[in-house]
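# Summary of the model geometry
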Amino acid sequence: MSFIIAEIAQAHDGSLGTAHAYIDALAGSGIDAIKFQTHIAEAESSIYEPFRVKFSKQDKTRFDYWKRMEFSLEQWQDLKQHCDEVGLEFMSSPFSNAAIDLLEEVGVKRYKVGSGEVTNFLLLEKIAETQKPLILSSGMSSYEELDAATNFLKSKKVDFSILQCTTSYPTEPEQYGLNVIKELKERYNVPVGFSDHSAKTETCIAAAALGAEIFEFHAVFSRNQFGPDSASSLTIEEIKSLASAIKNIEKALQSPINKNDNSAFESLKTIFEKTLAVNKDLEKGHVLKFSDLEAKKPAKRGISATFFNDCIGKSISKNMKKWEFLTQDHINE
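How each quantity is defined
- Residues numbered from 1 in each chain as written.
- Predicted model: local features only at pLDDT ≥ 70, side-chain atom pairs only at ≥ 80, totals over all residues.
- Heavy atoms only, no water.
- Phe/Tyr/Trp six-rings, centres within 6.5 Å; stacked < 30°, edge-to-face > 60°.
- Lys NZ or Arg CZ within 6 Å of the ring centre and 35° of its normal.
- Helix = DSSP H or I, 4+ residues; strand = E, 2+ residues; numbered from the N terminus.
- Expected span 1.5 Å × (residues − 1).
- Buried < 20%, exposed > 50% of the residue type's maximum accessible area, 1.4 Å probe, protein only.
- Contact = heavy atoms within 4.5 Å.
- Axes fitted to C-alpha atoms, helices over the stretch in contact; angles between N-to-C directions.
- Parallel < 35°, antiparallel > 145°, perpendicular 65-115°, else oblique.
- Left-handed = near helix turned anticlockwise from the far one by under 90°.
- Nonpolar A, V, L, I, M, F, W, Y, C, P; charged D, E, K, R; others polar.
- UniProt positions renumbered as here; feature names shortened; annotations may be inferred.
- Pairing = 2+ DSSP bridges.

## Regarding the packing of aromatic side chains
Summed over all chains, the structure comprises eight aromatic pairs. Here the aromatic residues Phe36, Phe71, Trp76 and Phe90 are joined through ring pairs into a cluster of three or more. Over the ring of Phe325 we find Lys296; its NZ or CZ atom is 5.1 Å from the centre of that ring.

## Thoughts on helix H10 (residues 236-253)
Between the first and last C-alpha of H10 there are 26 Å, a value that for 18 residues agrees with the 26 Å anticipated at 1.5 Å per step. If you check which residues of H10 are buried, you get Ile236, Ile239, Leu242, Ala243, Ala245, Ile246, Ile249 and Glu250. Elements that come into contact with the buried residues of H10 comprise strand E1 (3-7), helix H1 (16-26), helix H9 (201-209) and strand E8 (214-218).

## Some points on the packing of H9 against H10
The interhelical angle for the contact between H9 and H10, taken along N-to-C directions, is 15°, at an axis separation of 9 Å. The pairing of H9 with H10 is recorded here as roughly parallel in orientation. Judged by the sense of rotation from one axis to the other, the crossing of H9 with H10 is right-handed. Residues Thr201, Cys204, Ile205, Ala208 and Ala209 of H9 form the contact with H10, whose participating residues are Glu238, Leu242, Ala245, Ile246, Ile249 and Leu253. Within the contact of H9 with H10, the residues separate by chemical class into nine nonpolar, one polar and one charged.

## Things to note about the UniProt feature "domain: AFP-like" (unreviewed entry) in the protein chain
The residues that UniProt annotates with the feature "domain: AFP-like" (unreviewed entry) are residues 275-333. Each end of residues 275-333 is marked by a C-alpha atom, and these two atoms are 19 Å apart; helix forms 7% of the span and strand 14%.

## Examining the sheet that holds strand E2 (residues 33-38)
On the basis of which strands lie adjacent, the open sheet formed by eight strands has the order E3-E2-E1-E8-E7-E6-E5-E4 and parallel pairing. Edge positions in the sheet fall to strand E3 (89-94) and strand E4 (111-113), since each has one partner strand and no second. Adjacent strand axes in the sheet meet at a mean angle of 25°, parallel and antiparallel pairs treated alike. Two elements, strand E5 (residues 134-137) and strand E6 (residues 160-165), share four bridges in a ladder whose sense is parallel. For Ser137, the partnering residue across the bridge sits in E6 and is Leu163. Contacts between H10 and the sheet are confined to E1 and E8, with E1 contributing the most and set at about 165° to the helix.

Right, here's the structure in full:
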């Protein structure tokens, strides 16, 4: 079964009301989970952390921005309860061990680890101690780094899956790395998904066709909205369309067609396939040429168009009218 995650991340811009508005907007969109990010500035950052994109004039430092993105335990609990009420799983990526402690109090079913944390074995150890499933994003990681992380998780008996992801905002087509989906499946033999930053629905659709099972993308009310991820996000209406497409592709992949058996099309084949006919009046004894023949619907009114070559060079046993079906009785053997 596919698992579809819409990430709000910081699209709420520190507003609890906006965060709740996103939950309401995404309810009924066809997704399975809503994901936030849990930032505790003092635990994960410092005044020395640079901005990835200098988008915020109101925050002097990246540390100040993370501070402004914080919610209290009670606020996180309210957000989770809201997700529960609309039938969506509450998720949030932790960026510190302190955030994991907080999310354990909130009560999460699984963890999502961003690609910047793949080498953070301190955080992976903390998650392993919870013995909850983990989704690992591979965006900035080499196979050497992923091998180390996955070996660590296996040693801790953690149930994990991996997402192909490209850490570029927005991601361009030549950066999607769709080939990596198959590589990850073969290399790690775990469920594999796709984390998208392209702001296009076709990217996850292509990933679904290639066998991805988990899908993650950023959600935003408008790509003109303030925030570091807006330009690489999908709108609510796009998410509805994408979720439907992913589920249709899943049904298709689970319903293989046997091309050796076309018995279900027998009646349609009679309607659409064709019988040989002559395209002019012909007299008895005329030797048939390619230019004398046409193929007309329906099938089974005479000689099938498949066998036209067997008729060429043979004479006809009676006069024929233009557009008359050619039967075996018309052919002198």
